[in-house]
Amino acid sequence: MTYSYYPGCTLKTKAKELDKYARASAEALGVTLEEIEDWQCCGAVYPLALDEIATKLSAVRALDSAKKEGRDLLTLCSACHHVIKRVNNDMLTNDDIRMKVNNYLKLDTDYVGETNVVHYLEMLRDTVGFDNIKAAVKNPLKGRKIAAYYGCLLLRPAKVMQFDNPENPTILEDFIKAIGATPVITGYRNECCGGYVALEDKSIPQKRANMILEEAMAKGADTVITACPLCLYNLETNSTIENKPAICYFTELLAEALGLK
Amino acid sequence: MTVNEKELAERVIRISGVNTKKCMKCGKCSGTCPSYDDMEYHPHQFVSMVEKGQIKKLMESKSIWTCLSCFACIERCPRSVEPAKLIEAVRVCVIRQQGENHLKANAVPEKLDDNMPQQAIVSAFRKYSK
């Protein structure tokens, strides 16, 4: 199966591991990721204001590009996935936004929300299947205790994201089991790390990151995984606690388990 | 309420699409808000203050900059009032004014560190500047 792939700005710079191991693992699992041409940064925050149009255009360009290829659009960064999925929902359901965006873009054919937006984890669950991943694992991560940190952007708002149960998600824990490790469930796994205000007031993300990691440590996790470069940065760089668990992208562990790292 | 305040309230309602009258004042939005301690006005107060037309107080409050955009209050509101949409609407009412960008480009370099992802910078500009 081939997907149109939207890497996003951070995966080309600070989060190269997230991207590199995702591509290698997908290939090993029989999935091809074709990076779309001339993609633009999604803006990293979904514009909630109903009259924001310009800030939604880059997402629509990516969606239209996948539509022209006749493929689903695969995302990996939590923020890109959130923004593109929600803008797509606007194009599908909001007449005013759809009309204004199309008036501006003047595409050959209007974009009306046709593209299916799929997160890499959803591809693993729904296209490859966790049982098949388990069968493909060469180095099961036996004995590793891994806490999944979902953050906000993949799960909420559930009625648009339709990713997993927003209060009791299982997709990352199922992933952890598939690669042979033991999931550690934490209460803060779907609470915000505060990363979005890192430039405004670092004390807020610092407090949040410490709380999240202290809980994971208290529950015996040796590793915390995420799909979000901002969460990873915040947990890794802004937290002040010592001897914290390893913090890495879920794709790094996938590649390790598949013998690609 | 002055005429100007009334216009501002109508603008916030229009931009956000929120119907403040649906609120049953259960407080769940503020109860679940991870930034509660860092806000002067809390999510439930945004709902009641917009209803009363007290927009200028909200526009001057640091609360609009410390909302984490985590969507917890949106997901967990039992009446789908979705207070974060009001916070965003007040925020854009401020930064759409001439010269009122909260984050200016020349202030960014000193805030950077070696690990900071592009996502942090891009999102700060989207939240805090026009």
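None of these values were measured; they are calculated from a predicted model.

## Describing the overall build of chain B
So, point 1. A tally of regular secondary structure across chain B gives 8 helices and 0 strands.
So, point 2. Starting at the N terminus and ending at the C terminus, chain B contains elements arranged as α-α-α-α-α-α-α-α.
So, point 3. On C-alpha atoms alone, chain B measures out to a radius of gyration of 15 Å, which is about the 14 Å that the 2.2 N^0.38 rule sets for 130 residues.
So, point 4. Its C-alpha atoms give chain B principal-axis dimensions of about 45 × 35 × 20 Å.
So, point 5. When the 130 residues of chain B are sorted by exposure, 42% land in the buried category.
So, point 6. Considering only contacts in chain B between residues 6 or more positions apart, those separated by 24 or more positions represent 71%.

## Some remarks on the sheet that holds strand β2 (residues 32-35) of chain A
Residue and element names in this part refer to chain A.
So, point 1. Pairing in this open sheet of 4 strands is parallel, and the strands run β2-β1-β3-β4 from one edge to the other. The two strands at the open ends of the sheet, each matched to only one other strand, are β2 and β4 (117-119). The average angle at which neighbouring strand axes cross in this sheet is 45°, direction not considered.
So, point 2. Examined bridge by bridge, strand β3 (residues 73-75) and β4 share 3 bridges and lie parallel to one another. By the bridge assignment for β4, Thr75 is matched with His119.
So, point 3. Strand contacts of helix α2 (residues 57-69): β1 (2-6) and β3, with the helix running at about 160° to β1, the strand carrying the most contacts.
So, point 4. Against the sheet, helix α5 (residues 120-128) makes contact with β1, β3 and β4, and its axis sits at roughly 90° relative to β4, the strand it touches most.

## So, the sheet that holds strand β7 (residues 223-226) of chain A
Residues and elements named next belong to chain A.
So, point 1. If you walk across this open sheet you meet the 4 strands as β6-β5-β7-β8, and the pairing is parallel. On the outer flanks of this sheet lie β6 (182-184) and β8 (246-249), each paired with one strand and no other. The mean angle between the axes of side-by-side strands here comes to 35°, regardless of whether they run parallel or antiparallel.
So, point 2. In the sheet, β7 pairs with β8 via 4 bridges, with the strands oriented parallel. Paired with Thr223 across the two strands is Ala246, which belongs to β8.
So, point 3. Here helix α10 (residues 229-238) sits on the sheet in contact with β7 and β8, set at roughly 165° to β8.

## A closer look at the interface of chain B and chain A
So, point 1. On the chain A side, the residues contacting the 34 residues of chain B number 37 residues.
So, point 2. Breaking the side of chain B that touches chain A down by element, the ones donating at least two residues are α5 (63-66), α6 (72-76), α7 (83-95) and α8 (118-128) of chain B.
So, point 3. It is α8(B) that contributes the most residues to the side of chain B that touches chain A, 9 residues altogether.
So, point 4. Of the residues in the side of chain B that touches chain A, the class split is 18 nonpolar, 8 polar and 8 charged.

## Concerning the packing of α2(A) against helix α3 (residues 78-93) of chain A
Residues and elements named next belong to chain A.
So, point 1. Axis separation between α2 and α3 bottoms out at 9 Å; the angle between their running directions is 85°. Considering the angle they form, α2 stands roughly perpendicular to α3. In this structure, α2 uses Ala59, Val60, Ala62 and Leu63 to contact α3, whose residues at the interface are Val83, Ile84, Val87, Asn88 and Met91.
So, point 2. Of the residues in the contact of α2 with α3, the class split is 8 nonpolar, 1 polar and no charged.

## Regarding helix α11 (residues 250-257) of chain A
Given 3.6 residues per helical turn, the α-helix brings residues three or four places apart onto the same face.
Residue and element names in this part refer to chain A.
So, point 1. Where burial is concerned, most of α11 is hidden: 6 out of the 8 residues are buried.
So, point 2. When we look at burial in α11, the residues that qualify are Phe250, Thr251, Leu253, Leu254, Ala255 and Ala257.
So, point 3. Buried residues in α11 make contact with α1 (16-28), α8 (171-178), β7 and β8.
So, point 4. Directly beyond the C-terminal end of α11, a positive phi value near 75° is found at Gly259.

## Quick notes on the packing of helix α9 (residues 203-218) of chain A against α10(A)
All names here are of chain A.
So, point 1. With their axes 9 Å apart at the nearest point, α9 and α10 run at an angle of 90° to one another. By the angle class used here, α9 and α10 are roughly perpendicular. Contact residues: α9 offers Pro205, Gln206, Ala209, Ile212 and Leu213, while α10 offers Asn234, Leu235 and Asn238.
So, point 2. For the contact of α9 with α10, the class distribution of residues is 5 nonpolar, 3 polar and no charged.

## Things to note about the confidence of the model for chain B
So, point 1. Across chain B, pLDDT averages 96, with 98% of residues at or above 70.
So, point 2. On the interface metric, ipTM, the complex scores 0.96, and its pTM is 0.97.

## Remarks on unusual backbone geometry
So, point 1. At the junction of A:Arg156 and A:Pro157, the peptide bond is cis and its omega measures out at -10° in the coordinates.
So, point 2. Take A:Pro157: it is sitting in the loop between β5 (145-148) and α7 (158-161).
So, point 3. For A:Ala44, which is not glycine, the phi torsion reads 70° and is therefore positive.
So, point 4. Looking at where A:Ala44 falls in the secondary structure, it is placed in the loop between β2 and α2.
So, point 5. A positive phi angle, near 55°, is found at B:Ser69, a position not held by glycine.
So, point 6. Position of B:Ser69 relative to the elements: it lies in the loop between α5 and α6.

About the cut-offs
Residues numbered from 1 in each chain as written. Chains lettered and ligands numbered in written order. Predicted model: local features only at pLDDT ≥ 70, side-chain atom pairs only at ≥ 80, totals over all residues. Helix = DSSP H or I, 4+ residues; strand = E, 2+ residues; numbered from the N terminus. Rg over C-alpha atoms; globule rule 2.2 N^0.38 Å. Buried ≥ 20, exposed ≤ 12 C-beta atoms within 10 Å, placed from the backbone. Contact = placed C-beta atoms within 7 Å. Pairing = 2+ DSSP bridges. Axes fitted to C-alpha atoms, helices over the stretch in contact; angles between N-to-C directions. Nonpolar A, V, L, I, M, F, W, Y, C, P; charged D, E, K, R; others polar. Parallel < 35°, antiparallel > 145°, perpendicular 65-115°, else oblique. pLDDT = per-residue confidence, 0-100.

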